[in-house]
Amino acid sequence: QVQLVESGGGLVQAGGSLRLSCAASGTIFSIASMGWYRQAEGKQRDLVAVITSGGGTTYADSVKGRFTTSRDNAKNTVYLQMNSLKVEDTAVYYCNAKIKSWPLSGERDYWGQGTQVTVSS
């Protein structure tokens, strides 16, 4: 069993910063990519940022230059530093990880419970 637990959401004014964390725990052999998605009310869930086990990153165009993702492989934790936040960044942010629980098992997608980020004008 694997769990992803997120923290760090909240309410912030436009132009402010927040840092999200997501820790994976349970039966974990290896973690390939870890990432962040977000879903605004009434909209689909979209990719925000992804980081591979080797540190390669991919960002949505809308957050490039403002958001930075990083990970601590020893702690199975991924972070999302969000700067210069805009009202349109308001959404529920979900952590995602692609995890193998055993050496010969397949990779599975796991999701966190989501954390609300609200940016006020």
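On a predicted model such as this, the values are computed, not experimentally measured, just so you know. (Residues numbered from 1 in each chain as written. Predicted model: local features only at pLDDT ≥ 70, side-chain atom pairs only at ≥ 80, totals over all residues. Heavy atoms only, no water.)

Novice: Mind showing me how you'd approach the pattern of salt bridges here?
Specialist: Going through the model one piece at a time under the given rule, you end up with 4 salt bridges. Three or more residues joined by partner-sharing salt bridges are found here, namely Arg38, Arg66 and Asp89. (Salt bridge = Lys/Arg side-chain N within 4 Å of Asp/Glu carboxyl O.)

Novice: When you look at the nonpolar core in this model, what are you seeing that I'm missing?
Specialist: Core analysis: the biggest nonpolar cluster contains 29 residues, and Leu80, Met82 and Tyr93 have the highest contact counts within it. If you list the elements that add at least two residues to this core, you get β1 (2-7), β3 (18-26), β4 (30-39), β5 (45-51), β8 (77-82), β9 (91-100) and β11 (115-120). With 5 residues, the single largest contributor to this core is β9. If we skip the residues at most four places from it in the chain, methionine 82 touches Gly16, Ser17, Leu18, Leu20, Arg66, Phe67, Tyr93 and Val117. (Core = buried A, V, L, I, M, F, W, Y, C linked by side-chain atoms within 4.5 Å. Buried < 20%, exposed > 50% of the residue type's maximum accessible area, 1.4 Å probe, protein only. Helix = DSSP H or I, 4+ residues; strand = E, 2+ residues; numbered from the N terminus. Contact = heavy atoms within 4.5 Å.)

Novice: Would you take a moment to explain the sheet that holds β3 for this structure?
Specialist: In any sheet, the strands associate via hydrogen bonds between backbone groups, in a parallel or an antiparallel arrangement. Read from one edge of the open sheet, 4 strands run β1-β3-β8-β7, paired in antiparallel fashion. Each having just a single partner strand, β1 and β7 (67-72) make up the two edges of the open sheet. Recorded for the sheet is a direction-independent mean angle of 15° between the axes of neighbouring strands. Pairing geometry for β3 and β8, over 6 bridges, is antiparallel. Bridge pairing in β8 links cysteine 22 to valine 78. (Pairing = 2+ DSSP bridges. Axes fitted to C-alpha atoms, helices over the stretch in contact; angles between N-to-C directions.)

Novice: Sorry if this is basic, but what is going on with the environment of glutamine 3 here?
Specialist: One can find glutamine 3 in strand β1. Spatially, the C-alpha atoms of glutamine 3 and alanine 14 are 32 Å apart, while their sequence positions differ by 11 residues. Setting aside its immediate chain neighbours within four residues, glutamine 3 contacts Ala23, Ala24 and Ser25.

Novice: I would appreciate a short explanation of the state of the cysteines in the present structure.
Specialist: Between two cysteines, a covalent bond joining their sulfur atoms is known as a disulfide. All told, the structure shown has 1 disulfide when counted by the stated rule. Covalently, cysteine 22 is tied to cysteine 95 through a disulfide, its sulfur atoms 2.1 Å apart. Sign of the S-S torsion, about -80° for the bond between cysteine 22 and cysteine 95, identifies this disulfide as left-handed. Of the two residues, cysteine 22 is situated in strand β3 and cysteine 95 in strand β9; the sequence distance between them amounts to 73 residues. Residues cysteine 22 and cysteine 95 agree in their burial class; the two are buried. (Disulfide = S-S within 2.5 Å.)

Novice: It is not clear to me how the environment of threonine 77 should be interpreted in this structure. Could you clarify?
Specialist: Within the secondary structure, threonine 77 is located in strand β8. Along the chain, threonine 77 and alanine 97 lie 20 residues apart, while their C-alpha atoms are 9.9 Å from each other.

Novice: Looking at this model, I keep getting lost on the side chain of glutamate 6. Mind explaining?
Specialist: Position of glutamate 6 among the secondary structure elements: in strand β1. Put simply, glutamate 6 is tucked away with no salt bridge, and the nearest opposite charge, on arginine 45, sits 7.7 Å away. Within the structure, the side chain of glutamate 6 is placed 2.7 Å from the backbone nitrogen of glycine 114, a separation counted as a polar contact. Looking at glutamate 6, its side chain comes within polar contact range of the main-chain nitrogen of threonine 115, at 3.2 Å. If sequence neighbours within four positions are ignored, glutamate 6 has contacts with Ser21, Cys22, Trp36, Tyr93, Tyr94, Cys95, Gly112, Gln113, Gly114 and Thr115. (Lys, Arg positive; Asp, Glu negative; His and termini not counted. Polar contact = N/O pair within 3.5 Å; in protein donor to acceptor, adjacent residues only side chain to side chain.)

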